[in-house]
Protein chains: 2
Amino acid sequence: MIRRRRATRPVRVGGLVIGGGAPVAVQSMTNTRTDDVAATVRQTRSLARAGCELVRIAVPDAAAAAALPEIRARLKLPLCADVHFDHRLALAAIRAGFDKVRINPGNIGAGARTGRARSARVCEVIRAAADAGTAIRVGVNAGSIDRRFARRPTVAAMVASMAECLAPFEALGFRALVLSAKASGVPETVAAYRELSRRWRWPLHLGLTEAGLPFEGAIRSTAALGALLAEGIGDTVRVSLTGDPVREVEAAWELLAALGLRRRGPLVYACPTCGRTGIDVARLAREVKRALAGCREPLKIAVMGCVVNGPGEARAADYGIAGGRGRGAVFARGRVLRTVPADRLVRELLRAIAAGQART
Amino acid sequence: MIRRRRATRPVRVGGLVIGGGAPVAVQSMTNTRTDDVAATVRQTRSLARAGCELVRIAVPDAAAAAALPEIRARLKLPLCADVHFDHRLALAAIRAGFDKVRINPGNIGAGARTGRARSARVCEVIRAAADAGTAIRVGVNAGSIDRRFARRPTVAAMVASMAECLAPFEALGFRALVLSAKASGVPETVAAYRELSRRWRWPLHLGLTEAGLPFEGAIRSTAALGALLAEGIGDTVRVSLTGDPVREVEAAWELLAALGLRRRGPLVYACPTCGRTGIDVARLAREVKRALAGCREPLKIAVMGCVVNGPGEARAADYGIAGGRGRGAVFARGRVLRTVPADRLVRELLRAIAAGQART
């Protein structure tokens with residue numbers, strides 16, 4: 001179902017490459033106060049443990065900018081500074097050694113009196129980034145489009161704002177660009193990225209500006225990002241969810257795995273349960289997930305509640321449980337290992353996985 | 001982003017029409033013991049309240065079959081019986097007045113000694129359904145493919161099993177057919193449905209055989225069903241999630257709304273929050289959702305945490321909140337209504353919605 005990835009230029013962001021055929025990178029953003037260095041570093045480390053490959057940190061003001069050098073010093077993974085309005089905050093992030101800076105064409109240099117003055121501010125950021133080897137994401141949002149374009153339909157306005165903002169980058173020959181054009185609606189977002197992909201060869205950062213709480217947010221994000229990734233569009237993803245950003249990273253990996261694009265750790269499949277179910281599938285699935293939280297093997301594990309699809313699906317997985325009333329079978333790579341009482345299923349499954357992994 | 005829906009034949013299922021250009025129908029399945037009539041009726045009613053338009057109930061044995069007449073008598077909404085192995089359970093569901101029966105070509109009539117005897121059993125079900133005006137879904141699952149096809153690649157095996165099972169339906173001129181071909185993997189499921197859509201004009205019931213716990217299950221389901229719906233494929237959906245099936249209905253509606261295909265009730269968008277956020281967006285979003293749980297108006301509501309995208313997105317929504325530190329603005333249809341302390345934001349938003357709805 002996945003079309004060949006659209007060719008984009010590779011952009012180096014610290015130790016990470018975005019675009020140019022590199023694996024689709026997973027990113028997220030802290031929601032701590034940036035000037036609370038300890039909290040920001042702690043959350044960034046949680047994100048990295050969950051599989052986040054690039055962490056974005058908002059720089060809303062001078063206090064946040066002042067915290068960047070210490071945050072940088074305490075973290076090795078690629079960091080991006082998120083800057084709106086004031087281009088001096090972008091310059092501070094570049095000086096602090098951030099690997100990437102995100103600016104918003106709808107508001108960067110907003111204090112400037114003229115278009116030329118605004119452009120001069122953007123050029124100052126571009127030159128500083130080029131000198132420091134910092135990447136820049138030009139990120140248009142439907143919710144903050146430059147007023148001069150606001151009368152056009154949303155997608156056209158986003159693309160026009162992008163084109164105008166890119167002019168100085170092109171004039172200065174800047175090569176470490178990543179683009180994004182996010183809206184909260186799925187159809188607009190898909191349309192905007194299709195247009196970016198048609199017009200430019202810079203790698204694309206996919207996302208919705210805002211989705212929602214984790215459950216519906218993951219559905220909306222998957223509807224948009226899944227459609228684009230299936231078309232071969234997108235070099236890095238950020239799933240925006242309200243709440244703990246670790247969920248964003250989990251959602252991104254689940255999406256990439258569902259599409260067969262990337263894998264990280266075990267995937268636990270579980271049947272939806274029905275009037276035929278003889279074991280507590282949800283509880284077993286949660287137990288299996290919890291027990292395997294530290295595992296990095298790309299295993300497929302099936303937790304099935306009945307005899308209809310259970311054995312077949314459990315056989316297709318690397319490991320599986322298929323339970324009947326009170327008892328169940330443990331499968332490993334297509335064979336029934338043993339049949340045990342329901343309360344021993346998870347333990348026996350984990351033993352089988354441990355033994356299998358020890359052998360490989 | 002959505003292609004025109006593929007033309008399928010309309011099939012009546014009680015008061016519901018599936019296919020033939022009817023809106024994509026939302027369905028789910030009970031996971032109570034079917035012979036526990038009170039629990040099954042209670043859960044079916046919860047599903048209906050959440051927006052489920054067709055409820056499927058497993059009929060694993062004679063005790064479940066014996067409960068069907070009472071379940072039918074107590075419920076008005078369209079009901080489908082899920083039958084595997086024993087065709088007599090399908091006959092019992094038809095006699096009980098169920099609107100639809102689902103059979104699995106991989107195992108229906110599995111006790112028969114010959115292909116002809118198996119086909120005779122399927123014909124008996126078809127004739128009974130035709131006489132009673134009952135629809136039939138022929139539902140192939142990757143986890144329970146007829147052994148005779150099992151050596152082929154999964155998608156080819158599912159389609160071959162489907163083709164063989166459809167022969168008696170075509171021979172008898174049965175017209176109330178719905179097809180499905182589910183796997184747990186997204187790419188196989190998408191490939192199987194594309195092939196069904198290419199070969200037959202019967203309406204298609206979309207789903208994964210099993211996805212997983214609600215969060216990752218919703219992501220996997222959206223990746224598969226979203227891709228198909230965007231291609232115009234699919235007439236009814238069942239999002240399979242492990243746990244309370246009400247979540248399946250919520251997920252299905254969120255997916256249809258995200259794609260712009262159908263709407264039911266308010267959509268609450270919320271920003272992902274970042275170091276710029278001045279209010280507790282997740283808490284506000286949950287409060288707004290809870291307060292509007294009974295609302296059926298197709299409103300778009302934005303709960304935003306800062307001044308970057310907040311005002312723009314809140315303006316694009318029907319109603320919105322955009323909060324700064326300690327205070328926030330309430331928006332209604334593009335205008336700021338008032339600015340209030342953070343702890344009054346939800347109350348003022350709800351007042352604005354109530355007033356707005358009273359006026360329309």
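The rules we used
- Residues numbered from 1 in each chain as written.
- Chains lettered and ligands numbered in written order.
- Predicted model: local features only at pLDDT ≥ 70, side-chain atom pairs only at ≥ 80, totals over all residues.
- Heavy atoms only, no water.
- Helix = DSSP H or I, 4+ residues; strand = E, 2+ residues; numbered from the N terminus.
- Buried < 20%, exposed > 50% of the residue type's maximum accessible area, 1.4 Å probe, protein only.
- Contact = heavy atoms within 4.5 Å.
- Areas by Shrake-Rupley, 256 points an atom, 1.4 Å probe, with all protein chains shown as cover.
- Lys, Arg positive; Asp, Glu negative; His and termini not counted.
- Charge placed at Lys NZ, Arg CZ, Asp CG, Glu CD.
- Pairing = 2+ DSSP bridges.
- Axes fitted to C-alpha atoms, helices over the stretch in contact; angles between N-to-C directions.
- Polar contact = N/O pair within 3.5 Å; in protein donor to acceptor, adjacent residues only side chain to side chain.
- UniProt positions renumbered as here; feature names shortened; annotations may be inferred.
- Core = buried A, V, L, I, M, F, W, Y, C linked by side-chain atoms within 4.5 Å.
- Arc of directions from axis to C-beta.
- Least-squares fit on C-alpha atoms with pLDDT ≥ 70 in both.
- Expected span 1.5 Å × (residues − 1).
- Domains from an automatic or database assignment.
- Salt bridge = Lys/Arg side-chain N within 4 Å of Asp/Glu carboxyl O.
- Disulfide = S-S within 2.5 Å.
- Right-handed = clockwise from strand over helix to strand, strands pointing away.
- Buried area = accessible area lost by both parts, 1.4 Å probe.

Remarks on the overall build of chain A
A tally of regular secondary structure across chain A gives 11 helices and 15 strands. Summarising its shape, the C-alpha atoms of chain A cover approximately 75 × 40 × 30 Å along the three principal directions. Here chain A holds 360 residues, and the buried ones make up 63% of them. A fraction of 63% describes how many contacts in chain A between residues 6 or more apart in sequence connect residues 24 or more apart. A total accessible area of about 13,400 Å² is found for chain A, and carbon and sulfur atoms account for 50% of it. Of the charged side chains in chain A, 57 are positive and 30 negative, and the gap between their average positions amounts to 4 Å.

As for the sheet that holds strand 13 (residues 319–323) of chain B
All names here are of chain B. Taken in spatial order, the five strands of this open sheet run 11-12-13-14-15, and their pairing is mixed. Both outer strands of the open sheet, strand 11 (267–270) and strand 15 (335–341), are each paired with one neighbouring strand and no more. Between one strand axis and the next, the sheet turns through 20 degrees on average, direction left out of account. Two strands pair when backbone bridges link them, and strand 11 and strand 12 (residues 300–304) are joined in this way by four bridges, in the parallel orientation. Note on strand 12: the bridge partner recorded for Tyr 269 is Ala 302. Sitting on the sheet, helix 9 (residues 281–291) is in contact with strand 11, strand 12 and strand 13, with an inclination near 155 degrees to strand 12.

So, the environment of Thr273(A)
Relative to the helices and strands, Thr273(A) resides in the loop between strand 11 (267–270) and helix 9 (281–291). Exposure remark for Thr273(A): the relative accessible area of 11% places this residue in the buried category.

Overview of the side chain of Glu216(A)
Relative to the elements of secondary structure, Glu216(A) occurs in helix 7 (residues 214–230). Owing to a relative accessible area of 3%, Glu216(A) belongs among the buried residues under this scheme. Here the side chain of Glu216(A) touches Lys289(B) through a polar contact of 3.0 Å, side chain to side chain.

Notes on the UniProt feature "domain: IspG TIM-barrel" (unreviewed entry) in chain A
Residues annotated by UniProt as "domain: IspG TIM-barrel" (unreviewed entry) correspond here to residues 8–253 of chain A. Regarding residues 8–253 of chain A, the helix share stands at 45% and the strand share at 17%, and the terminal C-alpha atoms are separated by 22 Å.

Some words on the nonpolar core
Nonpolar side chains in soluble globular proteins generally cluster together in the buried interior. Residues Phe169(A), Leu179(A), Phe169(B) and Leu179(B) are the most contacted members of the largest nonpolar core, which totals 192 residues. Those residues in contact with Phe169(B), other than ones at most four positions away along the chain, are Ile103(B), Val122(B), Ile126(B), Ile136(B), Val138(B), Phe174(B) and Leu177(B).

Some words on helix 9 of chain A
Every buried residue of helix 9 of chain A is accounted for by Val281(A), Ala282(A), Leu284(A), Ala285(A) and Val288(A). Across the axial projection of helix 9 of chain A, the buried residues extend over an arc of 165 degrees, all falling on one side.

So, the relation of the copies chain B and chain A
The transformation that overlays chain B on chain A combines an axial shift of 0.0 Å with a rotation of 180 degrees, and the residual RMSD is 0.0 Å. On this basis, the relationship between the two copies can be described by a two-fold rotation axis.

Here's the deal with helix 8 (residues 246–258) of chain A
All names here are of chain A. Over its 13 residues, helix 8 runs 18 Å from end to end, which matches the ideal 18 Å to within 8%, given 1.5 Å per residue. Burial of helix 8 is extensive: 11 of the 13 residues sit out of reach of the surface. Val 246, Glu 248, Val 249, Ala 251, Ala 252, Trp 253, Glu 254, Leu 255, Leu 256, Ala 257 and Ala 258 are the residues of helix 8 that are buried. Gly 260 lies just past helix 8 and shows a positive phi near 75 degrees.

Quick notes on the domain arrangement of chain A
Taken domain by domain, chain A consists of domain 1 (11–258) and domain 2 (267–359). A straight line from the C-alpha centre of domain 1 of chain A to that of domain 2 of chain A covers 40 Å.

Overview of the pattern of salt bridges
For the structure on display, the rule yields 46 salt bridges over all chains. Note that Arg148(A) is salt-bridged to Asp146(A), the shortest N-O span being 2.6 Å. Judged by relative accessible area, which is 5%, Asp146(A) ranks as buried. Of the charged contacts, one joins Arg247(B) and Glu250(B) as a salt bridge, the two residues approaching to 2.9 Å between their closest N and O atoms. Note that Arg247(B) and Glu250(B) are positioned in helix 8 (residues 246–258) at a spacing of three residues, about one turn of the helix. Classification of Arg247(B) by relative accessible area gives partly exposed; the value is 31%. What makes Glu250(B) partly exposed here is its relative accessible area of 31%. A cluster of three or more residues bridged by salt bridges with shared partners is formed by Arg56(A), Asp82(A), Arg102(A) and Arg276(B).

Examining the state of the cysteines
All names here are of chain B. Overall, the coordinates contain zero disulfides over all chains when judged by the stated rule. No disulfide involves Cys 52; its sulfur sits 11 Å from that of Cys 80, the nearest cysteine. With a relative accessible area of 5%, Cys 52 lands in the buried category.

Focus: the pairing of strand 7 (residues 135–141) of chain B
All names here are of chain B. The buried fraction of strand 7 is high, at seven of seven residues. Handedness of the strand 6 (residues 100–103)-helix 4 (residues 115–132)-strand 7 crossover: right-handed. The pairing of strand 7 with strand 8 (residues 177–182) spans six bridges and is classified as parallel. The partner of Ile 136 across the bridge, within strand 8, is Leu 177. Read from strand 7 through helix 5 (residues 154–171) to strand 8, the crossover connection turns out right-handed.

Looking at the interface of chain B and chain A
Listed per partner, the contact involves 76 residues of chain B and 76 residues of chain A. Taking both partners together, chain B and chain A bury about 6,000 Å²; carbon and sulfur atoms supply 60% of that area. A salt bridge links Lys289(A) to Glu216(B), with the nearest nitrogen and oxygen atoms 3.0 Å apart. Among the secondary structure elements, those contributing two or more residues to the side of chain B that touches chain A are helix 6 (186–199), helix 7 (214–230), helix 8, strand 11, helix 9, strand 12 and helix 10 (310–316) of chain B. Broken down by element, the side of chain B that touches chain A gets its largest block of residues, nine residues, from helix 7 of chain B.

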